[in-house]
Each structure stands twice: as C-alpha cells, then as structure tokens.
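Observations on the model geometry
Chain by chain, the residues run as shown.
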Amino acid sequence: MNETASLRARAEIDLAALRANVRALRERAAGAQLMAVVKSDGYGHGAVPCALAAREAGATWLGTATPHEALALRAAGLDGRIMCWLWTPGGPWREAIEADIDVSVSGLWALREIVAAGADRPARVQLKADTGLGRNGCQPADWPELVAEARAAERAGTIRITGLWSHFACADEPGHPSIAAQLSAFRDMVAYAEKEGVEPEVRHLANSPATLTLPEAHFDLVRTGIAIYGISPAPELGTPAELGLRPVMTLTAAVALVKDVPAGHGVSYGHHYATPAETTLGLIPVGYADGIPRHASGRGPVLVGGKVRTAAGRVAMDQFVVDLGGDRPEPGAEAVLFGPGDRGEPSVEDWAVAADTIGYEIVTRIGARVPRVYVNGTADPTGSASQ
Ligand SMILES: Cc1ncc(COP(=O)(O)O)c(C=O)c1O
C-alpha cells in the first residue's frame with residue numbers, strides 16, 4: 001500500500017489556490033510579466049504541477065535555481081521561457097542552451113564556459129548585477145568588463161543578451177535603506193549596459209516582497225516565489241489573507257495513538273515535558289525526517305479534534321506527541337499541522353514563529369516521505385488531467 005492510501009501524513013496542494021495567487025500577483029504588477037519561481041521542487045509543493053498551474057494562470061516565465069531543475073521542467077513538457085541562475089563550473093551549459101533555457105551569468109568564467117560549450121544555437125544569457133545583496137551577481141566595478149565581453153560574444157553570434165537583472169537583500173523590510181540604494185544601482189548598471197548596446201528583453205529585480213510592496217521595482221518582470229504558494233514573505237507585510245493570497249499547502253497526519261497517562265509522566269526524548277495532571281496523549285506520526293522542525297519542540301501547533309494543541313516535548317525523527325487534555329479522538333483522526341485556516345488550523349507562519357525561522361523553510365523542508373496530493377488541477381500540456 002502506498003503512503004497516500006495509508007494516510008500517515010499528506011501534503012495537499014491546492015492548485016486552484018496557486019492559480020488564484022498568480023492572478024492576484026499579476027494584477028499587483030500589471031505592467032510586468034510574471035515569473036513563477038519553482039526552485040527546490042516548487043518550495044516543497046512539487047515543481048511540475050505548480051509550474052503547470054502557474055502557466056495556466058498567466059506566468060510567462062518559470063524560474064529555478066539550478067540548471068538541473070530547469071532541465072527537469074523541460075523534460076516534463078513545459079514549454080515557454082524558463083530561466084535558471086545558480087551555476088557552477090562544468091555545469092550543463094550545452095544542454096540548457098539547446099533546451100532554450102535562459103542562463104544567468106554573474107562572472108566571466110560563466111560567459112567563457114557558455115562560449116566554449118559549442119551549442120547549436122545562440123545562448124540566451126541574462127547578466128546578473130550585484131546591486132548590493134553581496135551574494136551572486138557581478139560587482140559594479142567588474143560590470144564594464146563583463147558587459148564588454150558579453151557584447152563581443154553577442155556580436156559574434158554565440159549569445160543573445162536577453163536580460164539584465166538583480167536581487168534584493170531586504171525587500172521584506174519596507175523602508176530599509178538598502179532598497180533605494182539597490183534600485184539606484186540597478187538603474188545605473190542597466191543604463192550602462194544599454195549604452196554599450198545591450199537590448200534586453202527583460203529587466204528584473206523584484207521578488208515576492210518587492211512585488212507586493214514596491215511598484216517601482218517591477219520593471220519588465222517580477223520573480224515571485226513564496227507568494228504564489230500563498231505564504232506571506234514576512235509577518236510585517238501582513239497575513240496571506242491581508243495580502244490577497246491563499247495558502248496552497250495543507251499538511252495533515254493521522255493520529256496514530258491516543259492513551260491515558262498519569263500526572264507527572266515524562267513525554268518524548270529528554271523528558272522536556274511532563275504531564276501536569278492525569279491526561280491523554282496523542283501521537284502525531286511525523287517528525288523532523290518529514291521536515292517538522294525539531295526546533296519547534298514544545299511549541300509547534302497542531303489542530304486535533306477541533307482544538308489547537310502544542311507539541312509536548314521533543315519533536316523526534318518520525319513522530320511527536322500532543323497533550324490532549326483528556327480528549328479522546330479516535331486513532332486515525334486528522335491532525336492538521338498547517339493549512340489555509342478555514343478550520344481554525346495553524347498557518348505556515350505559525351510554524352515559522354514556533355521554529356524561529358521563516359515560512360519559506362517550513363514548506364521547503366517538508367520531506368519526500370510525505371506524499372503530495374494535488375487537488376483542483378486542470379490540464380497539463382498534453383491535455384490530460386494534471387491532478
Ligand atoms: C534570484 C531569486 N529570485 C527570486 C526569488 C523568489 O523570492 P520570493 O520567494 O521571495 O518571491 C528567489 C528566491 O529566493 C531568488 O533566489
């Protein structure tokens with residue numbers, strides 16, 4: 001019997017919610033195209049079904065970190081524009097170029113590997129500027145040399161410079177001084193490249209928080225990840241509902257055991273919780289191997305039998321325990337760890353607070369052992385149900 005049938009745990013992925021989120025974000029950035037960022041297996045939601053749903057809702061671009069993620073989308077039949085940005089030397093340049101994937105270049109080494117790849121068509125290259133994030137991207141001081149060499153390759157017919165782009169450091173903190181500084185640096189670096197003859201199809205800078213809060217950063221394209229999955233980029237920006245978004249993933253597990261225990265009973269490894277009185281304990285059969293953060297031990301919330309309970313003691317590899325306070329749900333009763341909130345269940349954001357992290361990490365880490373169950377899918381490119 002497979003995991004879906006046995007219902008130990010499942011992550012239900014509501015593709016109608018994802019489509020609605022993409023449409024809502026497109027309205028927010030009406031003058032720009034939208035890239036659905038589906039790296040890391042669609043932030044844990046499943047890259048291919050989410051990419052298909054995003055396309056249906058009008059996402060003209062798909063974005064991944066690694067070339068292998070981008071190639072997997074092509075192999076699954078996704079057409080149209082796909083871009084990937086996290087390259088290392090010796091990467092599959094030729095395969096990516098011949099699959100018509102836009103590739104990102106942050107330094108000369110990458111440009112030279114593209115030229116040497118000997119692909120059967122010009123590479124679609126997007127030059128990435130480091131406008132202040134201090135991570136990937138080309139420093140302003142090195143930009144003239146990179147632009148010059150890219151233009152030379154373009155004149156030689158080996159590449160076509162399709163985009164100029166960058167990434168924010170603090171877009172989730174509206175008013176942070178780095179935001180204005182990055183916008184200004186981006187405008188300067190774009191202007192320099194255009195003066196040197198670059199004619200990009202797209203200039204882009206905005207991630208989800210900038211898409212939601214900073215219209216002047218929208219340019220030709222917004223790259224939205226977390227928001228298409230219906231998760232708020234940061235609590236300060238508002239709840240998903242306040243942002244016009246609907247959470248896509250609902251994580252549930254079947255209560256595996258309910259039992260009576262006396263007062264003073266230690267619970268789970270280390271006995272960090274002891275029952276304050278005679279009570280009932282419920283066993284929730286998911287743990288840190290499934291992506292439930294051990295750091296949320298003693299804090300992670302879960303809806304059981306209509307009440308929100310808290311992980312009692314340590315989250316273990318495969319399971320954790322809740323104090324049910326005398327309630328006796330049947331074994332197999334549904335425990336909802338997070339979802340859109342319709343039934344009063346906790347949110348991804350609640351788990352992020354409990355684990356002292358961000359919602360991105362909560363969903364991305366949900367493990368491969370948890371089956372993704374797709375609902376409200378419509379069509380895939382070949383016309384059959386995507387489920
Ligand atoms: C380069 C780049 N663009 C866009 C995104 C999407 O960001 P968000 O999920 O905040 O929309 C990411 C994700 O981290 C990224 O690395």
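By convention here, each chain's residues receive numbers from 1 onward along its written sequence. Side-chain atom pairs in this predicted model are given and counted only at pLDDT of 80 or more, local residue features only at pLDDT of at least 70, and totals for whole chains, interfaces and linings cover all residues. Here the side-chain values reflect all heavy atoms present in the structure, with hydrogen atoms and water set aside.

Right, let's talk about the site of the ligand for a bit. We call a residue near a molecule or strand when any one of its heavy atoms sits within 4 Å of it. Neighbouring residues of the ligand: 15 residues in total, closest Lys 39, Tyr 43, Ser 208, Gly 225 and Tyr 360. Contact distances for the ligand include 2.8 Å between an oxygen atom and a backbone N or O atom of Ile 226. Between an oxygen atom of the ligand and a side-chain N or O atom of Tyr 360, the distance comes to 2.6 Å. In these tables, accessible area is a Shrake-Rupley quantity obtained with a 1.4 Å probe, and a residue counts as shielded only by the protein chains included in the view. Contact with the protein chains hides 93% of the accessible area of the ligand, taken as 390 Å² for the molecule alone. Going along the chain from the N terminus, every DSSP run of H or I of four or more residues is numbered as a helix, and every run of E of two or more is numbered as a strand. Secondary structure elements with two or more residues in the shell around the ligand: helix H3 (39–43), helix H10 (208–213) and strand E9 (221–224). Counting of polar contacts relies on pairs of N or O atoms within 3.5 Å, with two restrictions inside protein: one atom must be capable of donating a hydrogen and the other of accepting it, and residues adjacent in sequence are counted only when both atoms are side-chain atoms.

Let us now look at the sheet that holds strand E14 (residues 279–284). Two strands form a pair only when DSSP identifies at least two bridges running between them. Pairing is antiparallel across the open sheet formed by three strands, whose spatial order is E11-E14-E17. At either margin of the open sheet sits one strand with a lone partner, and together these are strand E11 (257–261) and strand E17 (320–323). Between one strand axis and the next, the sheet turns through 30° on average, direction left out of account. By the bridge criterion, four bridges tie E14 to E17 in an arrangement that is antiparallel. Bridging from a neighbouring strand, Ile 284 pairs with Phe 320 of E17. Here an angle of 0 to 180 degrees is reported between the N-to-C directions of two axes, which are lines fitted to C-alpha atoms, with helices fitted over the stretch in contact.

All right, on to the packing of aromatic side chains then. Put simply, two rings from Phe, Tyr or Trp (the six-membered ring, in Trp's case) pair if the centres are within 6.5 Å, and we call them stacked under 30 degrees between planes, edge-to-face over 60, tilted for the rest. Within this structure, the stated rule accounts for seven aromatic pairs. Ring centres of Trp 85 and Trp 165 lie 5.5 Å apart, and the angle between their planes is 45°; on these two criteria the pair is classed as tilted. Here Trp 85 is found in the loop between strand E4 (81–84) and helix H6 (93–98), whereas its partner Trp 165 is found in strand E7 (residues 159–165), with 80 residues between them in sequence. For the pair shown, Trp 85 and Trp 165 are each scored as buried. Cluster of aromatic residues (ring-pair linked, three or more members): Tyr 43, Tyr 229 and Tyr 360. Each residue's exposure class comes from its accessible area (1.4 Å probe, protein chains only) as a fraction of the maximum for that residue type: buried when under 20%, exposed when over 50%, partly exposed otherwise.

The next thing to look at is the environment of Arg 55. Tracing the chain through its elements places Arg 55 in helix H4 (residues 47–56). Relative accessible area serves as the criterion here: at 18%, Arg 55 is assigned to the buried category. Through-space distance from the C-alpha of Arg 55 to that of Leu 34 is 9.7 Å; in sequence the pair is 21 residues apart. Contacts are residue-level and defined by heavy atoms, with any inter-residue pair within 4.5 Å sufficient. Leave out the neighbours within four places in its chain, and Arg 55 touches Thr 60, Trp 61, Leu 62, Leu 78, Asp 79, Gly 80, Arg 81 and Ile 82. A distance of 3.1 Å separates a polar atom in the side chain of Arg 55 from the backbone oxygen of Thr 60.

Looking at the protein chain as a whole, its pLDDT mean stands at 96, while 96% of the residues score no less than 70. Confidence scores labelled pLDDT are given residue by residue by the predictor and lie between 0 and 100. Mean pLDDT across the elements of the protein chain ranges from a minimum in helix H1 (residues 3–6), with 53, to a maximum in strand E2 (residues 33–37), with 99. Note on residues 381–387: pLDDT is under 50 here. Beyond four places in sequence and across chains, it has 15 contacts.

Here we come to the domain arrangement of the protein chain. The split of the chain into domains comes from an automatic or database domain assignment. Looking at the protein chain, the domain boundaries give domain 1 (14–229) and domain 2 (249–346). Of note, the centres of domain 1 and domain 2, computed from C-alpha atoms alone, are 41 Å apart.

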